[in-house]
Amino acid sequence: SFYGQEDAADRWAGGAGGPDNAMTSHAPALCTTCGFFIPLAGRMGHHFGACANTYSPQDGQVVTRDHGCGGHSDTPEPKIQVDRSQPIWDTASDDTSLFD
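First things first, this report covers the structure right here in the doc. (Residues numbered from 1 in each chain as written. Predicted model: local features only at pLDDT ≥ 70, side-chain atom pairs only at ≥ 80, totals over all residues. Heavy atoms only, no water.)

Some remarks on the overall build of the protein
Next, step 1: Along its length, the protein carries two helices and three strands.
Next, step 2: Reading the protein from its N terminus to its C terminus gives the helix and strand order α-α-β-β-β.
Next, step 3: When each of the 100 residues of the protein is scored for burial, the buried share is 24%.
Next, step 4: A separation of at least 24 residues holds for 58% of the contacts in the protein among residues at least 6 apart in sequence.
Next, step 5: Looking at the protein as shown, the accessible area adds up to about 7600 Å², and 57% of this sits on carbon and sulfur atoms. (Helix = DSSP H or I, 4+ residues; strand = E, 2+ residues; numbered from the N terminus. Buried < 20%, exposed > 50% of the residue type's maximum accessible area, 1.4 Å probe, protein only. Contact = heavy atoms within 4.5 Å. Areas by Shrake-Rupley, 256 points an atom, 1.4 Å probe, with all protein chains shown as cover.)

Looking at the nonpolar core
Next, step 1: Of all hydrophobic cores here, the largest spans five residues; its members are Cys 31, Cys 34, Phe 37, Cys 51 and Val 63.
Next, step 2: The contacts of Val 63, once residues within four sequence positions are left out, are Gly 17, Cys 31, Phe 37, His 47, Phe 48, Gly 49, Cys 51 and Gln 58. (Core = buried A, V, L, I, M, F, W, Y, C linked by side-chain atoms within 4.5 Å.)

Comments concerning the sheet that holds strand β1 (residues 37-39)
Next, step 1: Read across the open sheet, the three strands follow the order β1-β2-β3; overall the sheet is antiparallel. The two strands at the open ends of the sheet, each matched to only one other strand, are β1 and β3 (62-64). Sheet twist, expressed as the average angle between the axes of neighbouring strands with direction ignored, equals 45°.
Next, step 2: Where strand β2 (residues 48-51) lies against β3, three bridges are found, and the strand directions are antiparallel. Directly across from Phe 48, in β3, lies its bridge partner Thr 64. (Pairing = 2+ DSSP bridges. Axes fitted to C-alpha atoms, helices over the stretch in contact; angles between N-to-C directions.)

What about the packing of aromatic side chains?
The geometry of an aromatic ring pair is captured by two quantities: the separation of the ring centres and the angle between the planes.
Next, step 1: Scanning the model with the defined rule gives one aromatic pair in all.
Next, step 2: Taken together, a centroid distance of 5.3 Å and an interplanar angle of 75° make the contact between Trp 12 and Phe 48 edge-to-face. Of this pair, Trp 12 sits in helix α1 (residues 2-14) while Phe 48 sits in strand β2, and the two are 36 residues apart along the sequence.
Next, step 3: On the basis of relative accessible area, Phe 48 is assigned to the buried category, the value being 4%. (Phe/Tyr/Trp six-rings, centres within 6.5 Å; stacked < 30°, edge-to-face > 60°.)

Side note on the pairing of β2
Next, step 1: The pairing of β1 with β2 spans three bridges and is antiparallel. Looking across to β2, one finds that Pro 39 is bridged to Gly 49.

Section: the pattern of salt bridges
Next, step 1: For the structure on display, the rule yields two salt bridges.
Next, step 2: Residue Arg 11 is joined to Asp 7 by a salt bridge in which the shortest nitrogen-to-oxygen separation is 2.9 Å. You can see Arg 11 and its partner Asp 7 sitting in helix α1, four residues apart, about one turn around the helix.
Next, step 3: Given the relative accessible area of 35%, Asp 7 is considered partly exposed. (Salt bridge = Lys/Arg side-chain N within 4 Å of Asp/Glu carboxyl O.)

Re the side chain of Gln 58
Next, step 1: Here Gln 58 lies in the loop between β2 and β3.
Next, step 2: On the basis of relative accessible area, Gln 58 is assigned to the buried category, the value being 4%.
Next, step 3: If we ignore the near neighbours within four places in the chain, the residues touching Gln 58 are Ala 16, Gly 17, Met 23, Cys 51, Val 63 and His 67.

Set out below in structure tokens:
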């Protein structure tokens, strides 16, 4: 019913998948631009969709189009930082054994 849909929309928008929380304010982008966002059908799809990102805390849940999380499909993979500032010299082995 119309009343049931409005009630659900209020709950979803005010919950963890809504736009007004700390996670959304720190997100790199909104759900509506994410490849893992699946819009709901019908009238509810204008404002809501399902998250299908296994790395998102909202995976499998209804989220608003203006929600966001750290698992956006365009979020770059973290780079592993390796300190390569100093070369490593092998001074313990003898190269002459390579030519025997």
